[in-house]
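Residue strings, one per chain:
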Amino acid sequence: SQQGEEDPQALSIQEGENATMNCSYKTSINNLQWYRQNSGRGLVHLILIRSNEREKHSGRLRVTLDTSKKSSSLLITASRAADTASYFCATDGRGSNYKLTFGKGTLLTVNP
Amino acid sequence: DAGVIQSPRHEVTEMGQEVTLRCKPISGHNSLFWYRQTMMRGLELLIYFNNNVPIDDSGMPEDRFSAKMPNASFSTLKIQPSEPRDSAVYFCASRRLGTGNQPQHFGDGTRLSIL
């Protein structure tokens, strides 16, 4: 079964607005990570949240984790055109020996 | 500090040909991953190595696919013979083991087209 399903599949906003992306997963995890992918490039790690954490901040990024609902959200505040990219959540399942399972991503478009 | 380096960046070849993709992980990273990305299936893990040893190759689709890591600074993914359905972007990623919860660092991928 697919671990890490992002929602929505695509999101289009204006510069300055906030963008919220959600991720749901199915099995117990050690941690959850968010990655970003610009067109034609590899994935870049943004932030990691451990299973015993509920919220984490990094610059304009805010990640929450609700293990009871098996879900996470990524909030990008004051978005910029340069934030246009695909965003993926990835889960590191318990007993997976650090193997990550990625969702299919949310394509975020920030219009100037 | 150099990132993960993949070559070639693009490969176009005819079906039935052998394809070899190459990856140089970040120096000091002892875990290496090969992924395949398509629109239909997203990002799929094919195989990963810890300390040059294959740990999990359950994602390798068929016997036509093979991967090696002869040393800590080099890995190859080979497809022989190639088929049109192998067309995808192939990514290599590396990370440091032993310190828990470390992020993976990705190369920019090889875009493979099999005609």
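Check the entry above for the structure.
Here's a quick rundown of the structure. (Residues numbered from 1 in each chain as written. Chains lettered and ligands numbered in written order. Predicted model: local features only at pLDDT ≥ 70, side-chain atom pairs only at ≥ 80, totals over all residues. Heavy atoms only, no water.)

A separate point is the layout of surface pockets. Counted as a void, the largest pocket has a volume near 750 Å³. As for the largest pocket, its lining consists of 28 residues, of which Gln37, Ser86 and Phe88 of chain A together with Gln37 and Met39 of chain B are closest to the centre. Only strand S1 (5-7), strand S9 (85-93) and strand S11 (106-111) of chain A together with strand S4 (31-38), strand S9 (88-95) and strand S11 (110-114) of chain B provide two or more residues apiece to the lining of the largest pocket. With 3 residues, S9 of chain A is the largest single contributor of residues to the lining of the largest pocket. (1 Å grid on protein atoms, 1.4 Å probe; cavity = no way out; pocket = protein on both sides within 12 Å on 5 of 7 lines; lining within 4 Å. Points joined across faces, edges and corners; volume = space filled by probe spheres on them. Helix = DSSP H or I, 4+ residues; strand = E, 2+ residues; numbered from the N terminus.)

Before going further, it helps to examine the state of the cysteines. As enumerated under the stated definition, the model contains 2 disulfides over all chains in all. The residue that forms a disulfide with Cys23 of chain A is Cys89 of chain A, at a sulfur-sulfur distance of 2.0 Å. Residues Cys23 of chain A and Cys89 of chain A are joined by a disulfide whose S-S torsion is about 65°; by sign, that bridge is right-handed. Of this pair, Cys23 of chain A sits in strand S3 (residues 19-24) while Cys89 of chain A sits in strand S9, and the two are 66 residues apart along the sequence. Overall, the relative accessible area of 0% leaves Cys89 of chain A in the buried class. Here Cys23 of chain B engages in a disulfide with Cys92 of chain B; their sulfurs sit 1.9 Å apart. Here the S-S torsion is close to -65°, and the disulfide linking Cys23 of chain B with Cys92 of chain B is therefore left-handed. One end of the pair, Cys23 of chain B, is in strand S3 (residues 19-24); the other, Cys92 of chain B, is in strand S9, and 69 residues separate them in sequence. (Disulfide = S-S within 2.5 Å. Buried < 20%, exposed > 50% of the residue type's maximum accessible area, 1.4 Å probe, protein only.)

With that settled, the discussion passes to the sheet that holds strand S7 (residues 61-66) of chain A. All names here are of chain A. Spatially, S1-S3-S8-S7-S6 is the arrangement adopted by the 5 strands of the open sheet, whose pairing is antiparallel. Each end of this open sheet is capped by a strand with a single partner; those strands are S1 and strand S6 (55-58). For this sheet, the mean angle separating the axes of adjacent strands, direction not counted, is 20°. (Pairing = 2+ DSSP bridges. Axes fitted to C-alpha atoms, helices over the stretch in contact; angles between N-to-C directions.)

Each neighbour pair has its own omega, and for Ser7 of chain B with Pro8 of chain B the value is -10°, a cis peptide bond. Mapped onto the fold, Pro8 of chain B is located in the loop between strand S1 (5-7) and strand S2 (10-13). Note that the residue after Gln80 of chain B, namely Pro81 of chain B, is joined by a cis bond; omega there is -5°. On the secondary structure map, Pro81 of chain B appears in the loop between strand S8 (74-79) and S9. Positioned with a positive phi, Ala78 of chain A is a non-glycine residue whose angle comes to about 45°. With respect to the helices, strands and loops of the structure, Ala78 of chain A is situated in the loop between strand S8 (71-76) and S9.

Another aspect to go through is the interface of chain B and chain A. With 25 residues of chain B at the contact, the number on the chain A side is 20 residues. Across the chain B/chain A interface, buried area totals approximately 1700 Å², and carbon plus sulfur atoms make up 48% of it. Broken down residue by residue, the surface that chain B buries against chain A is led by Leu43, Asn101 and Phe106 of chain B, which jointly contribute 29%. The interface formed by chain B and chain A includes 1 salt bridge. (Contact = heavy atoms within 4.5 Å. Buried area = accessible area lost by both parts, 1.4 Å probe. Salt bridge = Lys/Arg side-chain N within 4 Å of Asp/Glu carboxyl O.)

A few words on the pattern of salt bridges. Counted under the stated rule, the structure contains 12 salt bridges over all chains. Arg62 of chain A serves as the salt-bridge partner of Glu55 of chain A, at 3.1 Å between the closest nitrogen and oxygen. You can call Glu55 of chain A partly exposed: its relative accessible area is 41%. Notably, a salt bridge pairs Asp86 of chain B with Arg64 of chain B, separated by 2.7 Å at the nearest N-O pair. Residue Asp86 of chain B is located in the loop between S8 and S9, and its partner Arg64 of chain B is located in the loop between strand S6 (53-56) and strand S7 (65-71); the two are separated by 22 residues in the primary sequence. Take Asp86 of chain B and Arg64 of chain B: they sit in the same class, and that class is buried. Shared partners join several salt bridges into a network, and the residues in it are Glu62, Arg64, Glu83, Arg85 and Asp86 of chain B.

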